[in-house]
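Letter by letter, the chains look like this.
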Amino acid sequence: MADQSPVLPDHVLEDIFARLPAKSVLRCRCLSHAWAATLSSQGFVDRHLRLANRHGGPRILFLQDSFSHETLPKVHGWSPDHPGGTTLMEVPRALRRSHRCPQSLDASAFSRHWRSTDQDSLVPRLVAQHCRGLVILEATGAGTHFVFNPSTGQMAALPEGRSTGCRHATDAYHEYASLGIGYDMPIKKHKVVRIWYRGSNSDELPASVGCEVYVVNSTGLWRPTNGGAPAGWVNQNETSVFAQGHVHWLGKRRLDSPSEEMFIISFSLGEETFGTIQLPPDMESHCTHHYLTELGGRLCLFSTEFDKVNTLKPHRHYVWLLRIHETSTWDLHCRIEVDTLPRKIVGPMHVGEVMSPLCFMDNGRRIVLVQPRNRLACAPSFKLHAYAPATGDPENLMDRGGLVSSKHKILKHAALYQESLSYPGHPHVDIIFAMSLVLRKLSKKTLTRLKYVSRSWRAMIESEDFRNTRLTISPLDYHF
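Residues numbered from 1 in each chain as written. Predicted model: local features only at pLDDT ≥ 70, side-chain atom pairs only at ≥ 80, totals over all residues. Heavy atoms only, no water.

## Some words on the packing of helix 1 (residues 10-17) against helix 4 (residues 42-51)
A pair of packed helices can be characterised by two numbers: the angle between their axes and the separation between those axes. Keep this limit in mind: Axes here refer to lines fitted to C-alpha atoms; in helices the fit is confined to the stretch in contact. Angles between the N-to-C directions go from 0 to 180 degrees. The secondary structure listing takes helices from DSSP runs of H or I that are at least 4 residues long and strands from runs of E that are at least 2 residues long, numbered from the N terminus. Each angle receives one of four descriptions, namely roughly parallel if under 35 degrees, roughly antiparallel if over 145, roughly perpendicular if within 65 to 115, and oblique otherwise. In this analysis, two residues are considered to be in contact whenever any of their non-hydrogen atoms come within 4.5 Å of each other. Charged residues are taken to be Asp, Glu, Lys and Arg, nonpolar residues to be Ala, Val, Leu, Ile, Met, Phe, Trp, Tyr, Cys and Pro, and polar residues to be all remaining types, Gly included.
Closest axis-to-axis distance for the helix 1/helix 4 pair is 9 Å, and the angle between their directions is 55 degrees. Taken together, the axes of helix 1 and helix 4 are oblique relative to one another. Within the contact between the two elements, helix 1 uses Glu14, Asp15 and Phe17 and helix 4 uses Phe44, Arg47, His48 and Leu51. Looking at side-chain class alone, the contact of helix 1 with helix 4 contains three nonpolar, one polar and three charged residues.

Put into structure tokens, the structure is as follows:
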């Protein structure tokens, strides 16, 4: 009798699965109930995040606009293994919808509604950089936010947060909300942080400000934090960054504070408290443009010094890395002298466009720099470079053509992403719909009592989605 074919041990198969792309692992969960349980465990999710991203990186996400009404915006991915780019998915309909009237938009979405073109309103906006495979996107036409996993294509809408009260475009600069996402290691959960502002006082300080937290893939809703409020205004036009256990924003004390008084507002995911980080004390006073990102697990501050004569022309860039969070201790990683770079790389930057760092590559020997499309130019100018600080040599990473190249119209942000099995959770509307089925026959008096069960219940009962769903389902016209 012939010998049977050898069977690989389960631990060997598990090690192989941990190195596969996230979508392939999702398909492998269909092998059996046992494998579904193993490949869904938190231990395997952590192992996959570590092994699947060990090689082939960095992985960069692009949002590409459609060129006609017949085609849809697409999400593309770029990596050194696929320099021509790959199409990850088409932009889901939920991220392209624009069903709210302008008066009901949240503050930041409201202002962008009037500034953006019809094309731009179809493409979502990145509001928070990636954290263990998850990012936050905003449907700019509706002001709705989604937790999105680019590697699996899974997406879940976030609950409606506390209203900022913005009803007019002129109020959008001081009535808005800003979101960030991070990972709480002790509980092994992603958390979304939302800072909201409702107006300013005569001293240009926040008149009313608060913070609420949502635990991703939970049945709860937004809950207020006990850690106070941020010490100023966070920049609503830049993405938030998670690094070293904190979510970070660029901030300022007053709305009219100059760039020299800028600092960093941080939020601890574990303690749920706010703090501040001062900019490097020996930073050049001429640095007026700052950008936050994460490089090698550390918070990165990218500062630009402009020419003294031509104030729109970048002269020098500084890359700072945060070493000690508690003492605001920084290390100067490198300087980038713009005048020494090739003309074909810095040309568009001389009309006000600046580049920013995205990630390390080649084991930290080079920095990937991204330069956004110049909206003032007739032709797209989106570029991606790899810069070696040791030699000062740049390389254009998008000169090979393909789906992702400098010839295509790339909108909004480029973002780093990872192969990850992190689940963005169930859409909150499903939770509210299920609760509405149970609570729809209860009286107003009973629902008022149920608000005291917990903060999550109070937020759900008072939410606009719950009221609308309950009125739609119930034959009775309840009013709160």
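## A few points about the confidence of the model for the protein
Quick reminder of the rule: The predictor rates its confidence in each residue with pLDDT, a number between 0 and 100.
With 76% of its residues at a pLDDT of at least 70, the protein reaches an overall mean of 79. Counting contacts from residues 98-121, a segment whose pLDDT is below 50, to residues more than four positions away or on other chains yields 54 contacts.

## Let's talk about the nonpolar core
Note the threshold: The definition of a nonpolar core used throughout is a set of buried Ala, Val, Leu, Ile, Met, Phe, Trp, Tyr and Cys residues joined through side-chain atoms within 4.5 Å. Three exposure classes are used, based on accessible area relative to the maximum for each residue type with a 1.4 Å probe and protein chains only: buried under 20%, partly exposed in between, and exposed over 50%.
Core analysis: the largest hydrophobic core is formed by 31 residues, its most contacted members being Ile181, Val192, Trp249 and Phe267. For this core, the secondary structure elements donating two or more residues are strand 4 (125-131), strand 5 (134-139), strand 8 (177-184), strand 9 (189-197), strand 10 (209-215), strand 12 (233-234), strand 14 (246-252) and strand 15 (263-268). In terms of residues, this core owes the most to one element, strand 9, which gives four residues. Those residues in contact with Val192 that sit more than four places away from it in its chain are Ile136, Val147, Leu158, Leu179, Gly180, Ile181, Glu212, Val213, Tyr214, Val216 and Trp222. Listed in part, the 17 residues of the second largest apolar core include Val75, Leu88, Val135 and Ala415.

## Digging into the pattern of salt bridges
Selection criterion: Any Lys or Arg side-chain nitrogen located within 4 Å of an Asp or Glu carboxyl oxygen qualifies as a salt bridge.
Taken as a whole and assessed by the stated rule, the structure comprises 16 salt bridges. Two residues, Asp331 and Arg298, come together in a salt bridge whose shortest N-O distance is 2.9 Å. One end of the pair, Asp331, is in strand 20 (residues 329-337); the other, Arg298, is in strand 18 (residues 298-306), with 33 residues separating them in the sequence. A salt bridge links Arg316 to Glu337; the shortest N-O distance between them is 2.6 Å. With Arg316 in strand 19 (residues 314-324) and Glu337 in strand 20, this pair connects stretches of sequence that are 21 residues apart. By relative accessible area, which is 18% here, Arg316 ends up buried.

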